[in-house]
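Listed below, chain by chain, are the residues.
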Amino acid sequence: MTLKDLEKKNENINLDNYIEFREYVKLHMEHPEWLGDFTKEDLETMIKTNSKIWIYYLNQEEVCSMMLIPATKEALEKFDINLDYNDVVDYGPMMVNPKFVGHGLQYQMLQEIDKYSIKHNYKYAVGTIHPDNIYSIRNLLKDEFELVNYKEFKRGPRNIYMKKLTRN
């Protein structure tokens, strides 16, 4: 299974359904604290400020999802990254329905979000991952991210990864 086999929705996302999908994924995770917990209000604000959510479906069932969050000056300061925030995008939560784990979907989503970010003139991408989440870490490293920092946040410890986006 590849992302190309799935129906993609990236406009007019029903946030209640998105949150329900996230909670379903978390319910089936060994470590649910690895996945972020944006409230509906947070998500509404983020979408109004150019964040994007993609959800991929197979026969009306959610398979996986990814999120892109334009960086802010405050976020980069929290990450101790000294770049112009207009050049940076944060790859937000990525999740895969437990029924579809093992198809390489997270790495495929990384490749898709890379293309989108480059097309929209971002120069750098950052991602935060719980230091024990070896699955996501492997995918970020495979996608040429580098570990640049470690931080303790309200939601727990996070490794901060960054990569320079390049056009192929």
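Basis of the calculations
- Residues numbered from 1 in each chain as written.
- Predicted model: local features only at pLDDT ≥ 70, side-chain atom pairs only at ≥ 80, totals over all residues.
- Heavy atoms only, no water.
- Helix = DSSP H or I, 4+ residues; strand = E, 2+ residues; numbered from the N terminus.
- Expected span 1.5 Å × (residues − 1).
- Buried < 20%, exposed > 50% of the residue type's maximum accessible area, 1.4 Å probe, protein only.
- Arc of directions from axis to C-beta.
- Contact = heavy atoms within 4.5 Å.
- Polar contact = N/O pair within 3.5 Å; in protein donor to acceptor, adjacent residues only side chain to side chain.
- Phe/Tyr/Trp six-rings, centres within 6.5 Å; stacked < 30°, edge-to-face > 60°.
- Lys NZ or Arg CZ within 6 Å of the ring centre and 35° of its normal.
- Axes fitted to C-alpha atoms, helices over the stretch in contact; angles between N-to-C directions.
- Parallel < 35°, antiparallel > 145°, perpendicular 65-115°, else oblique.
- Left-handed = near helix turned anticlockwise from the far one by under 90°.
- Core = buried A, V, L, I, M, F, W, Y, C linked by side-chain atoms within 4.5 Å.
- Salt bridge = Lys/Arg side-chain N within 4 Å of Asp/Glu carboxyl O.

Draft legend 1. Expanded view of helix α1 (residues 15-27). Between its first and last C-alpha, α1 extends 18 Å over 13 residues, near the 18 Å set by a 1.5 Å rise per residue. Those residues of α1 that fall on the buried side of the exposure criterion are Leu15, Tyr18, Ile19, Phe21, Arg22, Val25 and Lys26. Seen along its axis, α1 keeps its buried residues to an arc of 160°; they face one direction. Along α1, the residues that are exposed and aim more than 90 degrees away from the buried face are Glu20 and Leu27. Residues of α1 that are buried sit in contact with α2 (40-48), β2 (52-58), β3 (61-70) and β5 (95-96). Residue asparagine 14 occupies the N-cap position of α1, its side-chain oxygen lying 2.9 Å from the main-chain nitrogen of aspartate 16.

Draft legend 2. Representation of the packing of aromatic side chains within the structure. Taken as a whole and assessed by the stated rule, the structure comprises three aromatic pairs. Look at tryptophan 54 and tyrosine 116: their rings are 5.0 Å apart centre to centre, the planes differ by 80°, and that puts the pair in the edge-to-face class. Of this pair, tryptophan 54 sits in strand β2 while tyrosine 116 sits in helix α4 (residues 105-119), and the two are 62 residues apart along the sequence. For tryptophan 54, a relative accessible area of 3% puts it in the buried group. Between phenylalanine 79 and phenylalanine 153 the ring centres are 6.1 Å apart and the planes differ by 80°, which places this aromatic pair in the edge-to-face class. Here phenylalanine 79, found in helix α3 (residues 73-79), pairs with phenylalanine 153, found in strand β7 (residues 146-153); they are 74 residues apart in sequence, far enough to count as distant. The ring of tryptophan 54 has lysine 52 sitting right over it, with the charged end atom 5.8 Å from the ring centre.

Draft legend 3. A look at the environment of proline 157. Relative to the helices and strands, proline 157 resides in strand β8 (residues 156-164). The contacts of proline 157, once residues within four sequence positions are left out, are His130, Pro131, Tyr150, Lys151 and Glu152.

Draft legend 4. The arrangement of the packing of α4 against helix α5 (residues 134-142) in detail. Put simply, α4 and α5 touch, their axes get as near as 10 Å, and they point 40° apart. Regarding the angle of α4 to α5, the classification is oblique. The way α4 lies across α5 gives a crossing that is right-handed. Seen from α4, the contacting residues are Gln106, Tyr107 and Leu110; seen from α5, they are Tyr135, Ser136, Asn139, Leu140 and Lys142.

Draft legend 5. Spatial organisation of the nonpolar core. One finds Tyr56, Cys64, Tyr91 and Met109 to be the most contacted residues of the largest nonpolar core, which totals 27 residues. For this core, the elements supplying multiple residues, two or more each, are β2, β3, β4 (88-91), α4, β6 (124-129) and α5. For this core, the element with the highest residue contribution is α4, accounting for six residues. The contacts of methionine 109, once residues within four sequence positions are left out, are Leu3, Tyr56, Cys64, Ser65, Met66, Met94, Met95 and Val96. Counting 15 residues, the second largest nonpolar core, distinct from the first, contains Ile19, Leu35, Leu43 and Tyr57.

Draft legend 6. Broad picture of the pattern of salt bridges. A complete count under the given rule lists 11 salt bridges for this structure. Ionic pairing is found between glutamate 23 and arginine 22, a salt bridge with its closest N-O pair at 3.0 Å. On the accessibility criterion, glutamate 23 (36% relative accessible area) is partly exposed. We classify arginine 22 as buried; its relative accessible area is 7%. Here aspartate 87 ties to lysine 123 by a salt bridge, and the two come within 4.0 Å at their closest N and O atoms. Taken together, the residues span a long stretch of sequence, with aspartate 87 in the loop between α3 and β4 and lysine 123 in the loop between α4 and β6 at a distance of 36 residues. Note on lysine 123: relative accessible area 43%, which makes it partly exposed. Put simply, Arg22, Glu23, Lys26 and Asp37 are held in one network by salt bridges that share partners.

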